[in-house]
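Coordinate inspection notes
Spelled out from the first residue to the last, the chains are:
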Amino acid sequence: ASAESDTKLMDANRDRMVDEREFLAGGGSKDEFDRYDRNRDGVLDEAEMERRAVDKLHDQEETRAAAQGDSDLKRMDTNKDHVVSEQEFLNAGGSKDEFKLYDENRDGVLDGAEMAKRAAAQASAESDTKLMDANRDRMVDEREFLAGGGSKDEFDRYDRNKDGVLDEAEMERRAADKLHDQEETRAAAQGDSDLKRMDTNKDHVVSEQEFLNAGGSKDEFKLYDENRDGVLDGAEMAKRAAAQASAESDTKLMDANRDRMVDEREFLAGGGSKDEFDRYDRNRDCLLYTSDAADEEDSVDLGGRRIIKKKKKDGF
């Protein structure tokens, strides 16, 4: 519905496609148009506008999850250290299993990003339960689950206590797994798109020179060439896409002043430590950057997140 609505708003010549001029006139940017014009034919067709709409909806869901996660973190964080310890989580009514599910980096605390993922999973679980729960008992039995499109194997996998229903916690675990799978699917698709764009000699991998020609850096290439074979294959490009998405999400969570950079104060408020900030602030400009600009300098892996840094001309 969003894609159809946006197309009607932008499509001035009524050819059911949106060319670049119409897209810019409708408030879009050149970068955004180029990102969705995947076949490079100079127009966004129905499928490309639909992809854009899906990404917009995903961004809106992420924004809501981030806000809810931040609210939950502040409520649970009794010692005001900007993270939620296991004891604080238990004191707020959570369980050890749930804490373990969201403590993805196994550091013993839930930071802003992990709390946002929890909020997203809970929202998805609530939505799925409403759709499937025909008798309105706030649980989903096997018959309801199968009627809602689930499988017997999936039901059995999440009915961990074998009581014949999926309760709130079990539906939340299912939702968390679904979100993880969706992230992997998006990363694979983006990685494949990036590979095709960079792979000028059409050998289905990206050489270092092709990567540099596309605006990447030698440091970034080295970071993702995990098997050291001198090329980036589909799996490595998917990992790059996943790291970029994670870095963008983390920056949105931490970047209070919306300058697309994370200063030390914002980093600490987002659950990071002074030692961690100093470790990744490699040029000592007191800022962590995330960008896909062509002049990116350094690329480092931050707990599964990718922080790309660019030189800052002025001091801090």
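What comes next concerns the included structure. (Residues numbered from 1 in each chain as written. Predicted model: local features only at pLDDT ≥ 70, side-chain atom pairs only at ≥ 80, totals over all residues. Heavy atoms only, no water.)

A separate point is the overall build of the protein chain. Counting its regular elements, the protein chain contains 15 helices and 12 strands. Against the 2.2 N^0.38 benchmark of 20 Å for 316 residues, the protein chain shows a C-alpha radius of gyration of 22 Å, consistent with a compact globule. With respect to the principal axes defined by its C-alpha atoms, the protein chain has extents near 55 × 55 × 40 Å. When burial is assessed residue by residue, the protein chain has 41% of its 316 residues classed as buried. Within the protein chain, counting contacts between residues at least 6 apart in sequence, those at least 24 apart form 44% of the total. Split by element, the accessible area of the protein chain, about 18,100 Å² in all, is 48% carbon and sulfur. Taken together, the 55 basic and 85 acidic charged side chains of the protein chain have centroids lying 2 Å from each other. (Helix = DSSP H or I, 4+ residues; strand = E, 2+ residues; numbered from the N terminus. Rg over C-alpha atoms; globule rule 2.2 N^0.38 Å. Buried < 20%, exposed > 50% of the residue type's maximum accessible area, 1.4 Å probe, protein only. Contact = heavy atoms within 4.5 Å. Areas by Shrake-Rupley, 256 points an atom, 1.4 Å probe, with all protein chains shown as cover. Lys, Arg positive; Asp, Glu negative; His and termini not counted. Charge placed at Lys NZ, Arg CZ, Asp CG, Glu CD.)

Take the pattern of salt bridges next. Scanning the model with the defined rule gives 22 salt bridges in all. Salt-bridge contacts for R174 lead to E154; the nearest nitrogen and oxygen are separated by 2.8 Å. Of the two residues, R174 is situated in helix 10 (residues 168-198) and E154 in helix 9 (residues 152-158); the sequence distance between them amounts to 20 residues. Between R197 and D194 there is a salt bridge, with its nearest N and O atoms 3.4 Å apart. Here D194 and R197 lie together in helix 10, a separation of three residues that amounts to about one turn. On the basis of relative accessible area, R197 is assigned to the partly exposed category, the value being 43%. On the basis of relative accessible area, D194 is assigned to the buried category, the value being 6%. (Salt bridge = Lys/Arg side-chain N within 4 Å of Asp/Glu carboxyl O.)

We now examine unusual backbone geometry. Here K80, not a glycine, exhibits a phi torsion of approximately 60°, which is positive. One can find K80 in the loop between helix 4 (46-76) and strand 3 (84-85). Positive phi outside glycine occurs at R258, with the angle close to 55°. The class for R258 is exposed, based on a relative accessible area of 58%.

Once that is clear, we can look at the packing of helix 4 against helix 7 (residues 112-132). At a minimum axis distance of 7 Å, the contact between helix 4 and helix 7 shows a crossing angle of 115°. For the pair helix 4 and helix 7, the sense of crossing is right-handed. Facing helix 4, whose interface residues are A65, A66, Q68, G69, D72, L73 and M76, helix 7 presents G112, M115, A116, R118, A119, A120 and Q122. Looking at the contact of helix 4 with helix 7 residue by residue, the classes come out as eight nonpolar, four polar and two charged. (Axes fitted to C-alpha atoms, helices over the stretch in contact; angles between N-to-C directions. Left-handed = near helix turned anticlockwise from the far one by under 90°. Nonpolar A, V, L, I, M, F, W, Y, C, P; charged D, E, K, R; others polar.)

As a further point, take the side chain of E172. On the secondary structure map, E172 appears in helix 10. Look past the residues within four positions of E172 in its chain and what remains in contact with it is E98, Y102, R118, A121, Q122 and A125.

Next up on the list: helix 7. Over its 21 residues, helix 7 runs 30 Å from end to end, which matches the ideal 30 Å to within 8%, given 1.5 Å per residue. The opening residue of helix 7 is D111, an N-cap whose side-chain oxygen sits 3.2 Å from the backbone nitrogen of A113. (Expected span 1.5 Å × (residues − 1). Polar contact = N/O pair within 3.5 Å; in protein donor to acceptor, adjacent residues only side chain to side chain.)

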